[in-house]
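Fold and geometry: a report
Okay, here's what each chain looks like letter by letter:
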Amino acid sequence: MNRISLTRHLVEVHRSKGLVPTALQQLLETVAQTCAQISQAVGRGALSDVLGEAGSDNVQGEHQKKLDIIANDALLDANVWGGSLAAMASEEMDHPFFIPNHYPTGDYLLLFDPLDGSSNIDVNVSIGTIFSVLRMPEHDQRAATEKDFLQCGRRQIAAGYAVYGPSTMLVLSVGDGVAAFTLERETGTWWLTEAQMSVPSETREYAINASNARHWEAPVKRYVDELLAGASGPRGKDFNTRWVASMVADVHRILVRGGVFMYPRDAREPGKPGKLRLLYEANPMSFLIEQAGGMATDGHGAILDIEPTGLHQRVAVFLGARTEVELVTSYH
Ligand code: AHG
Ligand code: MN
Ligand code: MN
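Reading the values: the criteria
Residues numbered from 1 in each chain as written. Chains lettered and ligands numbered in written order. Predicted model: local features only at pLDDT ≥ 70, side-chain atom pairs only at ≥ 80, totals over all residues. Heavy atoms only, no water. Axes fitted to C-alpha atoms, helices over the stretch in contact; angles between N-to-C directions. Helix = DSSP H or I, 4+ residues; strand = E, 2+ residues; numbered from the N terminus. Parallel < 35°, antiparallel > 145°, perpendicular 65-115°, else oblique. Contact = heavy atoms within 4.5 Å. Nonpolar A, V, L, I, M, F, W, Y, C, P; charged D, E, K, R; others polar. Near = heavy atom within 4 Å. Polar contact = N/O pair within 3.5 Å; in protein donor to acceptor, adjacent residues only side chain to side chain. Areas by Shrake-Rupley, 256 points an atom, 1.4 Å probe, with all protein chains shown as cover. 1 Å grid on protein atoms, 1.4 Å probe; cavity = no way out; pocket = protein on both sides within 12 Å on 5 of 7 lines; lining within 4 Å. Sits in = over half its atoms within 2 Å of the grid points. Domains from an automatic or database assignment. Buried area = accessible area lost by both parts, 1.4 Å probe. Salt bridge = Lys/Arg side-chain N within 4 Å of Asp/Glu carboxyl O.

Contact pair helix α5 (residues 247-257) / helix α6 (residues 278-291): the axes reach a minimum separation of 11 Å and the direction vectors enclose 10°. Considering their axes alone, α5 and α6 lie roughly parallel with respect to each other. Residues Met-247, Val-248, Val-251, Ile-254 and Leu-255 of α5 touch α6, and the partners they reach there are Glu-281, Met-285, Leu-288 and Ile-289. Looking at the contact of α5 with α6 residue by residue, the class counts come to eight nonpolar, no polar and one charged.

Structure, rendered in structure tokens:
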């Protein structure tokens, strides 16, 4: 079979659409290669010393797992020297990492959730890596600051994730639809296995952590109650619940066979607008979902239009099939 590699795909997209200049191609290939390495570590599990707690906390006060740190360090090491970036930011670092003076810089900014679904690491359930690429605002690359990362999601140049599941896949958008690649573990090659993903419009599946139901706001309660009422309720059909607790795996399922994913704000911590982080979780996933014909809101407006105020700010997330996201958003 005449397969198309990630490299060939990026070259061809650039040839036809002009969307992947060499510096971006190099950056995306480096990220993909690092995800292949992380996949290797994940796959070795207990055979390597990669499971369990790291014994430290991140800036959000969450306990870090060894793999959170391993994945974070792998992404930093691989992307520091290439010359495409001015800085990187991550869930696992309080502040951005600026490219040191002895390496060349470029005008891209890379953000990542190095290991998404940390609670699933030790129980051998799918986890992933999420990333987002922005362009530096126009000023000296050597003078990059944290503020440069605070751009709305619409301005993402590229976004994607790797999912470490039964097979390892990379799902990527450079603003020209969504393509999926599968890792050939033996050779470390990413092969194009789905050229144009699109969120199916019809669905009977929804994802939400129902253990928080008592804390939900009225619009979310109303929407989920209507789903739960099934065939005899207002929706006239039965729905299934799916909740992996790895956003990557839940979003991947939605890109493949449809559905809606929700992590609403709730009354547990009234000061916090939801659990998921805008810049390296919600924005890249919303970019992919919109590029695949779906919709992503915070219950009020498009996530991609939110002007960020902080590197680690949180946001409520409703994403997936357009009609479902429109409905739950209208209830707000
Ligand atoms: P992370 O492991 O990067 O902190 O992200 C975990 C996130 C997300 O992947 C998932 O959808 C959600 O947390 C699960 O939250 P609950 O444990 O509250 O269900
Ligand atoms: Mn995450
Ligand atoms: Mn994480």
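Next comes the rest of the write-up.
Of all residues adjacent to ligand 1, which total 18 residues, the nearest are Asp-116, Ser-118, Asn-209, Met-247 and Tyr-263. Here an oxygen atom of ligand 1 sits 2.8 Å away from a polar atom, N or O, in the main chain of Ser-118. At 3.5 Å, a side-chain N or O of Glu-281 approaches an oxygen atom of ligand 1. Burial of ligand 1 by the surrounding chains reaches 87%, relative to a free accessible area of 480 Å². With respect to the detected pockets, ligand 1 is housed in the largest pocket. Of all the elements in the fold, those that place two or more residues in the shell around ligand 1 are β5 (108-116) and β13 (260-263). Each residue belonging to the shell around ligand 1 can be placed in one class, and the counts come to seven nonpolar, four polar and seven charged. Split by domain, the residues of the shell around ligand 1 number at least three in each of domain 1 (6-194) and domain 2 (205-331).

Turning to the domain arrangement of the protein, a few remarks are in order. Per the domain assignment, the segments of the protein are domain 1 (6-194) and domain 2 (205-331). Between domain 1 and domain 2, the C-alpha centre-to-centre distance is 23 Å. Between domain 1 and domain 2 lies a buried interface of about 2,900 Å² when both sides are counted; carbon and sulfur atoms form 60% of it. For the domain 1 face of the interface with domain 2, the top three residues by lost area are Leu-150, Arg-154 and Tyr-161, together amounting to 22%. In this structure, the connection of domain 1 to domain 2 is made through four salt bridges. A salt bridge links Asp-305 to Arg-154, with the nearest nitrogen and oxygen atoms 2.9 Å apart.

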